[in-house]
Amino acid sequence: MRFVKSQHPVVAAVPVLIAAALPKDLNMTDPTSVKAVTKTIAAEAMSYYKGNETAFVDLDPPYYWWQCGAFFGSMLDYTHFTGDNTYEKTIHTALVQQRGPDNDFMLPTHFGQEGNDDQAMWGFSIMAAAERNFPQPDPNIPSWLQLSENIWNSMVSRWNTTACNGGLLWQIFASNPNGLDYKNTVSNGGLFQLSARLARATGNQTYIEWAEKVWDWTQAVGLIDPDYNVQDGAHSRHNCTDINPVSFSYTASIYMYGAAVMSDVTGDQKWTERTEKILEAAKSFFSPFENATNIMYEHACEHVGTCNTDMRSFKAYFSRFTYQSTWFVPSIIPTVNELFHTSAEAAARSCTGGAAGTSCGHRWYTGGFDGETGLGEQMSALETIQGVIVNQVSLPFKGDEIKVVRQFSSSPAGPATPSEDSSSGATPARRRNLRRSRS
């Protein structure tokens with residue numbers, strides 16, 4: 001591992017004070033209003049989490065461990081988009097305390113439920129922390145970038161060529177056999193997107209090659225169809241010839257954002273076109289009825305009332321990764337604004353439930369709160385509304401811009417401890433994890 005000393009001390013950001021506002025009062029044209037509304041929604045989302053600044057606590061049932069990792073991705077977005085560092089230490093503690101004994105988010109306490117897609121969802125959050133220089137004060141813990149690379153190494157080691165000519169299986173452990181015969185697009189899309197983002201962050205050609213490889217495999221087996229719909233998966237026992245045609249919004253956006261990042265990394269027009277085509281296909285997740293034009297919905301389950309707890313959060317990741325795709329493929333901005341801004345207004349109108357009148361609903365096309373709420377609903381509204389200001393924040397850092405920040409933003413102002421940057425040109429698969437003792 002090669003370390004590069006920072007040329008200048010990293011200075012902690014000045015904490016930002018934001019007044020809260022009721023979601024129903026959202027003014028889409030005023031960034032201050034957007035931040036005020038998301039502050040309210042974020043606070044209610046955080047009420048589902050029982051951990052604090054010093055201790056991680058799993059989400060209560062029915063929420064699984066993977067959604068906790070995804071949830072902190074939403075809170076990282078909130079912190080980055082608004083500048084509100086209220087939850088900075090809580091986010092940090094949750095992320096580092098779930099990294100596992102080998103610093104790759106393979107956590108023994110969750111082996112019974114951890115699949116490749118679960119690890120990827122935590123990986124997205126860790127990668128975001130790296131790309132934003134999110135504080136990591138403990139020098140005994142690897143940097144966010146190193147942790148991201150460890151996750152990638154763990155995932156790529158399970159690339160499975162026993163059937164379908166490649167691909168990741170849904171599950172990892174024999175103790176959870178339900179998905180050991182199924183190759184799903186969330187797992188493979190996770191590896192694709194992490195490869196693309198690590199390629200951009202490090203400049204390492206190996207990551208580029210793997211992003212190309214995973215995309216080509218997904219398309220070759222038909223999980224990305226000719227119209228760029230992203231299907232759910234296929235079974236190994238049928239050599240991936242039995243495509244499951246169910247599609248979910250977040251899966252499309254995972255591939256969309258990876259393609260957008262690859263457009264930036266390579267400058268190849270094919271990645272721009274792929275991004276555009278996935279977005280075009282993803283229009284199917286809008287306008288469930290004639291009187292609900294451009295309002296987002298999960299068409300596999302929402303209008304028929306069959307969305308489970310997991311599915312109720314999918315719109316959050318759909319919004320996150322589609323908005324962020326505009327950073328690298330600006331040609332999609334008009335379409336994204338048309339669809340997602342309308343949905344953001346509808347989401348805000350749904351956030352009028354509960355005792356405080358700020359709980360967000362599930363079906364935004366009803367015109368108000370539909371009586372169904374939970375963490376997934378809060379996350380979905382949060383990401384869809386805060387994404388309105390996505391192009392008012394800095395782009396993800398890369399290369400020498402990525403630093404290890406040793407001081408929280410909420411700490412007294414002043415220079416942080418000089419840091420070390422883990423960017424390197426070494427082959428990822430040969431890089432050694434920075435492991436902590438199991439004792």
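All chains use their own residue numbering, which begins from 1 and follows the written sequence. Reporting of local features is limited, given that this is a predicted model, to residues whose pLDDT is at least 70; pairs of side-chain atoms are given and counted only at 80 or more, and all residues count toward the totals for whole chains, interfaces and linings. To get the side-chain values, take all heavy atoms of the structure and skip hydrogens and water.

Asker: Quick rundown of the side chain of Ser-236? Include the residues and the values.
Answerer: Residue placement: Ser-236 occurs in the loop between strand E3 (233-235) and helix H8 (249-266). Contacts between residues were defined by any pair of non-hydrogen atoms, one from each residue, lying within 4.5 Å. If we skip the residues at most four places from it in the chain, Ser-236 touches Ala-163, Cys-164, Leu-169, Asp-181 and Lys-183. Secondary structure counts use DSSP, requiring at least four H or I residues in a row for a helix and at least two E residues in a row for a strand, with both numbered from the N terminus.

Asker: Would you mind going over the environment of Ala-130 in detail, with residue names and values included?
Answerer: Summarising the element assignment, Ala-130 is placed in helix H4 (residues 116-131). Residue class for Ala-130 comes out buried when judged on its relative accessible area of 2%. Placed 13 residues apart in sequence, Ala-130 and Ser-143 show a C-alpha to C-alpha distance of 7.6 Å. Not counting residues up to four positions away in its chain, the partners in contact with Ala-130 are Trp-144, Leu-145, Ser-148 and Ile-402. The rule is simple: take the accessible area with a 1.4 Å probe, protein chains only, and divide by the maximum for that residue type; under 20% is buried, over 50% is exposed, in between is partly exposed.

Asker: How would you explain unusual backbone geometry if you had to name every residue and give the values?
Answerer: Residue Pro-62 follows Pro-61 across a cis peptide bond; omega there is 15°. The phi dihedral of Cys-164 is positive, around 65°, even though this residue is not glycine. With respect to the element layout, Cys-164 can be found in the loop between helix H5 (144-156) and strand E2 (182-184). Here the phi dihedral of Cys-240 falls at roughly 60°; this positive angle occurs in a residue that is not glycine. As for its position among the elements, Cys-240 is in the loop between E3 and H8. Using a relative accessible area of 4% as the deciding quantity, one classes Cys-240 as buried.

Asker: Describe in detail the confidence of the model for the protein chain, supporting the description with residues and values.
Answerer: Model confidence for the protein chain is summarised by a mean pLDDT of 91, while 90% of its residues fall at 70 or above. Scored between 0 and 100, pLDDT is the confidence that the predictor attaches to each residue. Note on residues 1-13: pLDDT under 50 across the span, and 36 contacts to partners over four residues away in sequence or across chains.

Asker: Residue-level account of the state of the cysteines, with values.
Answerer: The disulfide criterion used throughout: a pair of cysteine sulfur atoms within 2.5 Å. Under the counting rule described, the total for this entry stands at 3 disulfides. Each sulfur in the disulfide pair Cys-164 and Cys-240 lies 2.1 Å from the other. Disulfide Cys-164-Cys-240: the torsion about the S-S bond is 85°, which places it as right-handed. Note that Cys-164 is positioned in the loop between H5 and E2 and Cys-240 in the loop between E3 and H8, a separation of 76 residues in sequence.

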